[in-house]
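Chain by chain, the residues run as shown.
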Amino acid sequence: MGSASSSYRVIYLDVDGRIQKVVFSRFCSPCDIKELFCTALGVPRNTNLSLLDASGAMVSIDPTMPHNTERSPYRVVPMTGGQLADKEELFQNVLTQVAEQFSRAFKINELKTEVTNRLAMLEKRVELEGMKVVEIEKCRNDIKKLREEMASRNNSNFLEDIKKLTPRRDVPSYPKMLSCLEHMYHDLGLVKDFNINPITLKRWLLCIHDNYRNNPFHNFRHCFCVTQMMYSMICLCSLQEKFTQVDILILMTAAVCHDLDHPGFNNTYQINARTELAVRYNDISPLENHHCAVAFQIFSQPDSNIFSNFDPEAFKQIRQGTITLILATDMARHGEILESFKQKVDSFDYTDEEHVTCLKMVLIKCCDISNEVRPMEVAEPWVDCLLEEYFMQSDREKTEGLPVAPFMDREKVTKPTAQIGFIKFVLIPMFETVMKLFPQIEEAMVQPLRESRDRYEELKQIDDAMNEVQKKKNENLTMGGKKK
């Protein structure tokens, strides 16, 4: 067995006269290594680079590149638009010539439709799954295999339409939500302060994305919204001036992981239906315990462990803090947690660990149910998504003979009735309590909640009036029928 260090390569770069040491796994793809070099150089990740050795010869950027030393660093040169254009033109000319030769050598028109369709499917796959670094590489391998397959059948026309085969430079290698989450970790200084490998951060976020289900409400988009709200509160309330960076890391990571693998049916259903999760966790916050378990299963994978540089004691602190916050998102504990915070808020002490933990629990709760803080055009579609998920559960509960909550029953609930009580008795009291510590959230968060409450109360009055009119019409029809 080789040593663990044999799995890693060390390359030295000359970055504006400064020697930059770059360490990467020998299993990294060329794209991963190029992005590391871009990070070291301080240029955008998609910048094209040339790597030159001491003699000026170009070196291929891949895991097998020749080893060098601090005395003989590689020089990294970003390629300008003109250089890229020249190379692209040369490349296209060569490919055109090769295409013409292949066209003459083989009868390539017979499978044109078939190959065009297959390549279009692969291109669409790159567009849809281009956010996944590993998946992109797989698509490229598929394209390569397709070329080889068609060439072996002497009917290849893969060069006839070369643009379909050339990886598009404008396809994003990362989706917007994942890219924004990555930016938040960088912007808050978490990547730098905790020496988080940028590539590992990407892989972790991709793995997080893949472990959220496609529910109407509890999906990856909800995860993003909760984390974005947490980032906003950290910035708006200047929490980095009051909390340690470890606390900030715990807040952000718990927000990202808080609903992992949510099945779309709440704790009440899990317990009443005696599901495997309810049995496993003894009816105690089964979903939240499951979210924690999935989160740390992901962290147990070396390729997605952003905490790999933490010593065991520090990791234990991160783990316990993250679990505490995720478990706090169980709404069954809402009254208990808010009451505890109310008792502390008037004499809050940032040096008291219990006070800080309680505040962090309230912060993640605020973020988890913060949709009504957002503009109406953003918030209202989320109500539709939540009701859709509620109705799916209540329909299933009726089928299975389980108790059905009135606020989840499609025959009893409306948008106004669903939101008014929740905003008045849950959201506003909690945010107003937080406002005692952070008055700056009143305009940005509390006032929108009050406006949302007023709007839904107006909608309810309209609904009630229309129902009253309909009721009188029905009564008049009934009376008319009796007179006849």
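Computed from a predicted model, the values in this text were never measured in an experiment. (Residues numbered from 1 in each chain as written. Predicted model: local features only at pLDDT ≥ 70, side-chain atom pairs only at ≥ 80, totals over all residues. Heavy atoms only, no water.)

The subject of this paragraph is the environment of I441. Within the fold, I441 resides in helix α18 (residues 441–483). With relative accessibility at 0%, the residue I441 sits in the buried group. Distance from I441 to F431, taken between C-alpha atoms, is 8.3 Å for residues 10 residues apart in sequence. Not counting residues within four places of it along the chain, the set of residues in contact with I441 comprises L236, C237, F431, V434, M435 and V446. (Helix = DSSP H or I, 4+ residues; strand = E, 2+ residues; numbered from the N terminus. Buried < 20%, exposed > 50% of the residue type's maximum accessible area, 1.4 Å probe, protein only. Contact = heavy atoms within 4.5 Å.)

Okay, unusual backbone geometry next. Even without being a glycine, R274 presents a positive backbone phi close to 55°. In this fold, R274 is placed in the loop between α10 (267–272) and α11 (276–280). Overall, R274 belongs to the exposed group, its relative accessible area being 69%. The phi angle at S285 is positive, at roughly 40°, despite the residue not being glycine. Within the secondary structure, S285 sits in the loop between α11 and α12 (286–299).

Turning our eyes to something else, we now look at the pattern of salt bridges. Summed over the entire model, instances satisfying the criterion amount to 20 salt bridges. For K202, the salt bridge is made with E35, and the minimal N-O distance between the two is 3.5 Å. One end of the pair, K202, is in helix α7 (residues 198–210); the other, E35, is in helix α1 (residues 30–41), and 167 residues separate them in sequence. Here the two residues K202 and E35 agree in accessibility, since each one is buried. Between D384 and K415 there is a salt bridge, with the nearest N and O atoms lying 3.1 Å from each other. Of this pair, D384 sits in helix α16 (residues 376–400) while K415 is found in helix α17 (residues 415–437), placing the two residues 31 residues apart along the sequence. Residues joined by salt bridges that share partners form a network here, namely E380, D384, K415 and R455. (Salt bridge = Lys/Arg side-chain N within 4 Å of Asp/Glu carboxyl O.)

The four strands lie next to each other as β2-β1-β4-β3, forming an open sheet whose pairing is mixed. Among the strands making up the open sheet, the edge pair consists of β2 (18–25) and β3 (49–52). The average angle at which neighbouring strand axes cross in this sheet is 35°, direction not considered. Helix-sheet contacts for α1 involve β1 (8–15), β2, β3 and β4 (74–78), and the interaxial angle to β2 is about 155°. (Pairing = 2+ DSSP bridges. Axes fitted to C-alpha atoms, helices over the stretch in contact; angles between N-to-C directions.)

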